[in-house]
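Structural overview
Below are the chains, spelled out letter by letter.
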Amino acid sequence: MEKNAFRTVVEICHEMMIPSGMGEELQRQREMCIDPYTRVANRSKELVPMEVKTVLTLEKSGKGLHVATTICNQAKDHRVRVVMPTGLNTSTHLADSAFEVVKRNNRHNDTWTNPCGCERQQCFAAMEDETNGLLVANRGLYEYEVLADEENAIAVTLLRSVAEMGDWGYFPTPKAQQIGTFTLEFEVVPYAAGKTGEAFTEGYAFQQDLTAAQAGLSKAWLRKPGQVKPELVSGEMPLEMSFLRFEGEGIHLTAFKKGLEKNDLFVRFVNNMPQDEVLSFRKESWMKEVYRSNVVEEKGEVLCPDENGVYHVTLREFEIATFGVVK
């Protein structure tokens, strides 16, 4: 689709003939409230087309392969997922979860009875061994499974059509059958051993596109009466500028907000690594004072920068740290 000095874009199109749904015998079992674990049924013999269009984008400075898959779904009671064999030699993997990146076993233990081995993720799932790693970031795709017997593949659910809710009674969910056209996005990020924190940063960055804004013009509401175009504003924009600059292996910025009861700004970081890491951020010109705080924005220890105007704070493993900034 596109090939230039900055990126290459490839489109892959598939058309599959798949069963239109489950057979009539399953519907009878649903209405009879038969336990889901004991139901036996076949898929319908009627076939319907399912169109899948996948757009792969590889950018010159990109750290991963961006993928956008568009599915035109007309079938019920099925799941579509992308399976990525990693070939990595490890028995565990990582998944972004609430307040931490959790480590999980690739295989469930013997007490696991659910025939589905899926787990939950938020922003990404990753796997690494002593030499390499692979991270799969997503946007709103919260179900994944590690297939240990298929080269330790990471399988991410793109679309799941569900007919009912719950594991008792019969509560139909016709809108959850996901009939229609949907576009799902994910990114595949390979990384080297020891670059786990950088891979996490890429996984979180995938959640938001960069926002571009035109500079050099005044606001439209500042136009003079009868003026068609806003006035040009003179001056030069710096080539590099940042409101807040920070560094730290595996440390992620989770909040940047104004205080509820005072004008101080509050920034919150989380250390996603299983060991202590050092957070460093520069004292910008607009900062009068920086202090430790908590989730209810109470003032704690005042921080002191080093001779270069940089704050250094050690965050414990998986620690969430909040700082107040006096403007």
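In this report, we go over the structure that sits alongside the text.

The rules behind the values
- Residues numbered from 1 in each chain as written.
- Predicted model: local features only at pLDDT ≥ 70, side-chain atom pairs only at ≥ 80, totals over all residues.
- Heavy atoms only, no water.
- Salt bridge = Lys/Arg side-chain N within 4 Å of Asp/Glu carboxyl O.
- Helix = DSSP H or I, 4+ residues; strand = E, 2+ residues; numbered from the N terminus.
- Buried < 20%, exposed > 50% of the residue type's maximum accessible area, 1.4 Å probe, protein only.
- Pairing = 2+ DSSP bridges.
- Contact = heavy atoms within 4.5 Å.
- 1 Å grid on protein atoms, 1.4 Å probe; cavity = no way out; pocket = protein on both sides within 12 Å on 5 of 7 lines; lining within 4 Å.
- Points joined across faces, edges and corners; volume = space filled by probe spheres on them.
- Nonpolar A, V, L, I, M, F, W, Y, C, P; charged D, E, K, R; others polar.
- Core = buried A, V, L, I, M, F, W, Y, C linked by side-chain atoms within 4.5 Å.

Once that is clear, we can look at the pattern of salt bridges. Summed over the entire model, instances satisfying the criterion amount to 18 salt bridges. Arginine 30 is paired through a salt bridge with glutamate 164; the nearest N and O atoms lie 3.4 Å apart. Within this pair, whereas arginine 30 is found in helix α1 (residues 24–31), its partner glutamate 164 is found in the loop between β12 (153–160) and β13 (180–192), the two being separated by 134 residues in sequence. Judged on exposure class, the residue arginine 30 and its partner glutamate 164 are both buried. The salt bridge involving arginine 79 is made with glutamate 143; its shortest N-O contact spans 3.5 Å. Taken together, the positions of arginine 79 in strand β5 (residues 79–84) and glutamate 143 in strand β11 (residues 143–147) put the pair 64 residues apart, joining distant regions of the chain. The class for arginine 79 is partly exposed, based on a relative accessible area of 34%. Residue glutamate 143 is classed as buried on the basis of its relative accessible area of 8%. Shared partners join several salt bridges into a network, and the residues in it are Arg30, Arg39, Asp77 and Glu164.

Moving on to the sheet that holds strand β9 (residues 124–128). Taken together, the nine strands give an open sheet; going across it, the order is β1-β2-β3-β4-β13-β10-β9-β6-β7, and neighbouring strands pair in antiparallel fashion. What marks the edges here is a single partner per strand, and that holds for β1 (2–3) and β7 (100–105). Relative to strand β2 (residues 7–19), β1 runs antiparallel, the two sharing two bridges. Across the sheet, residue glutamate 2 finds its bridge partner in β2, namely valine 9.

Right, let's get into the environment of lysine 103. For lysine 103, the location among the structural elements is in strand β7. Taking relative accessible area as the criterion, lysine 103 reaches 60% and is therefore assigned exposed. Spatially, the C-alpha atom of lysine 103 lies 5.7 Å from that of histidine 93, the residues being 10 residues apart in sequence. In this structure lysine 103 touches Thr92, His93 and Leu94, once residues within four positions along its chain are discounted.

Our focus in this paragraph is the layout of surface pockets. When its volume is computed, the largest pocket comes out at roughly 1100 Å³. Along the lines of polarity and charge, the residues of the lining of the largest pocket split into 11 nonpolar, four polar and nine charged.

This part takes up the nonpolar core. Of all hydrophobic cores here, the largest spans 27 residues; its most connected members are Ile71, Met84, Val156, Leu158 and Phe186. Taken together, the elements giving at least two residues each to this core come down to β3 (47–59), β4 (65–73), β5, β9, β10 (132–138), β11, β12 and β13. Ranked by the residues each element gives to this core, the list is headed by β12, at four residues. Leave out the neighbours within four places in its chain, and methionine 84 touches Val136, Asn152, Ala153, Ile154, Val156, Phe186 and Val188. By size, the runner-up hydrophobic cluster in this structure holds 16 residues, among which are Phe269, Leu279, Val290 and Val325.

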